[in-house]
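Coordinate analysis (summary)
The lines below spell out each chain.
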Amino acid sequence: MKKDLFQIIKSEDVVLIELVNANCEPCAMNEPILQQVKNTLGKRVEIIILAIDEVPEFVKLYHIETAPTIVCFQNSQLIWRSSEVLSKQQILQKIVDIV
């Protein structure tokens, strides 16, 4: 996954990536919310959850300093990011605004 990440974000589809740390409570809170988003949108969005330390080049390039951080891409373009716990509805609205 790590080596393919830069290829994955080139997708015409929306790719949402959550970057997390071990023992991060807000990160754990986001996981079921993101699963609900995936269940709602299906193939319209790809959701990936990665540990920050697994993708250091990606983290450096996009200046990710905290966990959780959600970054959303389409066609290699960063189109949205957030470093807070969001509701399913907030995430869905951001994605719907994009697509």
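Bear in mind the structure is a predicted one, so any value in this text is a computation, not a measurement.

**A look at the overall build of the protein chain**
- Broken down by element type, the protein chain carries 4 helices and 4 strands.
- Put simply, the protein chain runs from its N terminus to its C terminus through helices and strands in the order α-β-α-β-α-β-β-α.
- In terms of overall dimensions, the protein chain is globule-like: its C-alpha atoms have a radius of gyration of 12 Å, near the 13 Å expected for 99 residues.
- Here the C-alpha coordinates of the protein chain stretch approximately 30 × 30 × 20 Å along the principal axes.
- For the protein chain, the residues scored as buried account for 41% of the 99 residues in total.
- For the protein chain, the exposed area adds up to about 5,900 Å²; of that, 48% sits on carbon and sulfur atoms.

**A closer look at the pairing of strand β2 (residues 45-51)**
- Two elements, strand β1 (residues 14-20) and β2, share 7 bridges in a ladder whose sense is parallel. When the bridges of β2 are listed, V15 appears paired with E46.
- Handedness of the β1-helix α2 (residues 25-41)-β2 crossover: right-handed.

**What to know about the state of the cysteines**
- Applying the stated rule across the entire model yields 1 disulfide.
- Between the sulfur atoms of C24 and its disulfide mate C27 the distance is 2.3 Å. Its torsion about the S-S bond being 75 degrees, the disulfide of C24 and C27 is classed as right-handed. Exposure class is identical for C24 and C27. Each is buried.
- Of all cysteine sulfurs in the structure, the one in C27 sits closest to C72, which takes part in no disulfide; the separation is 17 Å.

**Things to note about the side chain of S82**
- The topology assignment puts S82 in strand β4 (residues 77-82).
- Within polar-contact distance, the side chain of S82 engages the backbone nitrogen of E84 at 3.4 Å.
- With near-sequence residues (within four places) excluded, S82 lies in contact with P68, T69 and I70.

**Description of the nonpolar core**
- In terms of nonpolar packing, the biggest core is built from 20 residues, with I17, L19, F58 and I64 touching the most fellow members.
- Listing elements by their share of this core, those giving two or more residues are α1 (5-8), β1, β2, α3 (56-61) and β3 (69-74).
- For this core, the leading source of residues is β1, giving 4 residues.
- When neighbours within four sequence positions are excluded, L19 is seen to be in contact with L50, I52, V55, F58, V59, I64, A67, P68, T69 and V71.
- Membership of the second largest hydrophobic core comes to 14 residues, among which are I33, C72, W80 and I91.

Conventions adopted
Residue positions within a chain follow its written sequence, with the count starting from 1. Selection of residues for local features in this predicted model requires a pLDDT of at least 70, selection of side-chain atom pairs for listing and counting requires 80 or more, and totals for whole chains, interfaces and linings are taken over all residues. The basis for the side-chain values is all heavy atoms of the structure; hydrogens and waters are excluded. Runs of E in the DSSP output that reach at least two residues are strands. Runs of H or I that reach at least four are helices, and both are numbered from the N terminus. Our radius of gyration is a C-alpha quantity, and the globule rule it is checked against amounts to 2.2 Å times the number of residues to the power 0.38. Accessibility here uses a 1.4 Å probe with only protein chains present; expressed as a share of the type maximum, an area under 20% marks a residue as buried, one over 50% as exposed, and anything in between as partly exposed. Surface accessibility follows the Shrake-Rupley procedure with a 1.4 Å probe radius. Residue values consider only the protein chains on display as shielding. Strands are treated as partners if at least two bridges between them are detected by DSSP. Think of it like this: strands point away, you trace from the first strand over the helix to the second, and a clockwise trace means the crossover is right-handed. A pair of sulfur atoms, both from cysteines and within 2.5 Å, is called a disulfide here. Polar contacts here mean pairs of N or O atoms no more than 3.5 Å apart (in protein, one a potential hydrogen donor and the other a potential acceptor; neighbouring residues in sequence count only if both atoms are side-chain atoms). Only heavy atoms matter for contacts: two residues are in contact if any of them lie within 4.5 Å across the pair. Put simply, a nonpolar core is a bunch of buried Ala, Val, Leu, Ile, Met, Phe, Trp, Tyr and Cys residues held in one set by side-chain atoms that sit within 4.5 Å of each other.

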